[in-house]
Amino acid sequence: MSKTVRRKLPPMTALEFAIEQTFRNFFFGLRLVLGWAVVLSPLFITAYFMAFRNGMPDVNSLPPASLAIFIAIAVAALLASFSLAVNWHRRILLDETPRRLGWIRLDSVVWRYLLGFIAVWVILAIIGAAIFAALTYLPPALEPNLGPTAANAGKAVAAVLGLVALFTWYRLSTWLPAIATRDRDYGLWTAWKTTRRNSMRYLGFTFWLLFGLAIAGAVGAGAFFAQQALGNPWATAAAFALIGLLAWLALFLIMTIATSHYYHFTSAKAERDAADSVSPMAQAETV
């Protein structure tokens, strides 16, 4: 694909792709998480004996050794999440199954992925600082001219910047699956150019994503209140198992968004699928 090619994101198709891949690779994701859980289990066991053996610790007076183990767990869990994300992207885009220690990979791809993630979030942090400035400093500056409506003007500017941040994340996050799959032709600037002029489509995708997550949340809330009304231990266990499953699927779905967008912006197969969905009349009009 040429680096200057601009394509349109199909909101519903992209979301359906993400949902399908989340369910299709459920056991693959489970295996990834379990692999890292085994690797990190010594840290968890150490934390239990050092901090939780006698009940919940006081976070304001943690011994240095307990604080160090908590920091080690946080760092290890963060690295595990990036390793898991790389394998998840590669599974969906390349249909790759890791071999041996590949399930807990921490190779150069993972480190480049980490640096890419940081780069994207630095850009988002700059927009976040602009949002903070719009809420904090803009109203006092506008108040002499606008009076009481200055606060609303600041909120309006912050809302627009919030949409800018959302669109920026959607656009630049497509670079992360490219890093995971070693697609060196799809860099950060290519991601920015390829995904331009898709704002309304991103809004449509966000609407349907939130709609789907709201349905899952409603099902989880229904299960929670149902087990409270029944007061049966089996019903309680089933309800919390369902809530845990829904939360698991939601997390993997969110992680799959960037993968789906990258696929639909770059994949030749996605382009063929989109062409096949065009009616014969529309194809005749384009000739």
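The rules behind these values
Residues numbered from 1 in each chain as written. Predicted model: local features only at pLDDT ≥ 70, side-chain atom pairs only at ≥ 80, totals over all residues. Heavy atoms only, no water. Helix = DSSP H or I, 4+ residues; strand = E, 2+ residues; numbered from the N terminus. Buried < 20%, exposed > 50% of the residue type's maximum accessible area, 1.4 Å probe, protein only. Contact = heavy atoms within 4.5 Å. Areas by Shrake-Rupley, 256 points an atom, 1.4 Å probe, with all protein chains shown as cover. Core = buried A, V, L, I, M, F, W, Y, C linked by side-chain atoms within 4.5 Å. pLDDT = per-residue confidence, 0-100. Polar contact = N/O pair within 3.5 Å; in protein donor to acceptor, adjacent residues only side chain to side chain. Phe/Tyr/Trp six-rings, centres within 6.5 Å; stacked < 30°, edge-to-face > 60°. Salt bridge = Lys/Arg side-chain N within 4 Å of Asp/Glu carboxyl O. Expected span 1.5 Å × (residues − 1). Axes fitted to C-alpha atoms, helices over the stretch in contact; angles between N-to-C directions. Parallel < 35°, antiparallel > 145°, perpendicular 65-115°, else oblique. Nonpolar A, V, L, I, M, F, W, Y, C, P; charged D, E, K, R; others polar. 1 Å grid on protein atoms, 1.4 Å probe; cavity = no way out; pocket = protein on both sides within 12 Å on 5 of 7 lines; lining within 4 Å. Points joined across faces, edges and corners; volume = space filled by probe spheres on them.

S.K.: Just checking my understanding: could you explain the overall build of the protein for this structure?
M.R.: Per the secondary structure count, the protein includes twelve helices and zero strands. Put simply, the protein runs from its N terminus to its C terminus through helices and strands in the order α-α-α-α-α-α-α-α-α-α-α-α. A buried classification covers 34% of the 287 residues belonging to the protein. For the protein, contacts bridging at least 24 residues in sequence account for 75% of all contacts bridging at least 6. As displayed, the protein has an accessible area near 16,600 Å², and 70% of this comes from carbon and sulfur atoms.

S.K.: Before we go on, may I ask you to explain the nonpolar core in this structure?
M.R.: Most often, soluble globular proteins keep nonpolar side chains buried together rather than apart. Within the largest apolar cluster, 30 residues are counted, with the highest numbers of intra-cluster contacts made by Tyr113, Phe205 and Leu209. Broken down by secondary-structure element, the contributors of at least two residues to this core are α1 (11–24), α3 (64–94), α4 (108–136), α6 (150–173), α7 (175–180), α9 (199–230) and α10 (233–266).

S.K.: Would you mind going over the confidence of the model for the protein with me for this structure?
M.R.: Predicted coordinates in regions of low pLDDT should not be interpreted in detail. With 89% of its residues at a pLDDT of 70 or more, the protein shows a mean pLDDT of 87. Across the protein, α7 holds the top mean pLDDT of 97, while helix α12 (residues 280–286) sits lowest at 40. Here residues 277–287 scores under 50 on pLDDT; set against residues more than four positions off or in separate chains, the count is two contacts.

S.K.: Explanation requested: the environment of Pro140 in the structure shown.
M.R.: Its location among the elements puts Pro140 in helix α5 (residues 138–146). Judged by relative accessible area, Pro140 falls into the partly exposed class, the value being 47%. Expressed as a C-alpha distance, the spacing of Pro140 and Ala151, which sit eleven residues apart in the sequence, is 8.1 Å.

S.K.: Explain the side chain of His89 to me, please; I cannot follow it from the model alone.
M.R.: Residue position: His89 is located in helix α3. Look at His89 and you get buried, because its relative accessible area is 1%. A distance of 2.9 Å separates a polar atom in the side chain of His89 from a polar atom in the side chain of Tyr113. The residues contacting His89, other than those within four sequence positions of it, are Leu94, Tyr113, Leu176, Pro177, Ala180, Met255 and Thr259.

S.K.: So what exactly am I meant to see when it comes to the packing of aromatic side chains here?
M.R.: Aromatic rings in a pair are described by how distant their centres are and how their planes are angled relative to each other. Scanning the entire structure with this criterion turns up 23 aromatic pairs. Taken together, a centroid distance of 5.1 Å and an interplanar angle of 85 degrees make the contact between Phe26 and Phe27 edge-to-face. Ring geometry for Phe28 versus Trp88: centroids 6.4 Å apart, planes at 35 degrees, classification tilted. With a gap of 60 residues between them, Phe28 in helix α2 (residues 26–52) and Trp88 in helix α3 connect regions that are remote in the sequence.

S.K.: Would you take a moment to explain the pattern of salt bridges for this structure?
M.R.: A side chain with one charge may pair with a side chain of the opposite charge, provided their charged atoms come close. Applying the stated criterion across every chain yields a total of four salt bridges. Two residues, Glu96 and Arg105, come together in a salt bridge whose shortest N-O distance is 3.7 Å. Among the ionic pairs, Arg105 bridges to Asp107, the shortest N-O distance being 2.5 Å. Residue Arg105 is classed as buried on the basis of its relative accessible area, which comes to 13%. What emerges from the salt-bridge pattern is a single network uniting Arg90, Glu96, Arg105 and Asp107.

S.K.: Honestly, α9 in this entry has me stumped. Any pointers?
M.R.: Since the α-helix advances by 3.6 residues per turn, residues separated by three or four positions end up pointing in the same direction. Between its terminal C-alpha atoms α9 stretches 46 Å, which fits the 46 Å expected from 32 residues at 1.5 Å a residue. For α9, the full list of buried residues reads Tyr202, Phe205, Thr206, Leu209, Gly220, Ala223 and Gln227. Just beyond α9, the residue with positive phi is Gly231, at close to 65 degrees.

S.K.: Would you mind going over the packing of α2 against α3 with me for this structure?
M.R.: Angle between the axes and distance between the axes are the two parameters that describe a pair of packed helices. Two elements in contact, α2 and α3, have axes separated by 10 Å at closest approach and are oriented at 180 degrees. Here α3 runs roughly antiparallel to α2, going by the angle between their axes. Per-class residue counts for the contact of α2 with α3 are 21 nonpolar, five polar and one charged.

S.K.: How should the side chain of Thr266 be read in this particular structure?
M.R.: Within the element layout of this structure, Thr266 appears in helix α10. A distance of 2.7 Å separates a polar atom in the side chain of Thr266 from the backbone oxygen of Tyr262.

S.K.: Would you take a moment to explain the layout of surface pockets for this structure?
M.R.: If you roll a probe as big as a water molecule over the atoms, it shows you where there is empty space left. Within this model, the largest pocket holds a volume of roughly 620 Å³. Around the largest pocket, the lining is made up of 22 residues, and of these Phe117, Trp169, Leu251, Ile254 and Met255 lie nearest the centre. Of all the elements in the fold, those that place two or more residues in the lining of the largest pocket are α3, α4, α6 and α10. The greatest single-element share of the lining of the largest pocket, amounting to seven residues, is contributed by α10. In terms of residue class, the lining of the largest pocket is built from 20 nonpolar, two polar and no charged.

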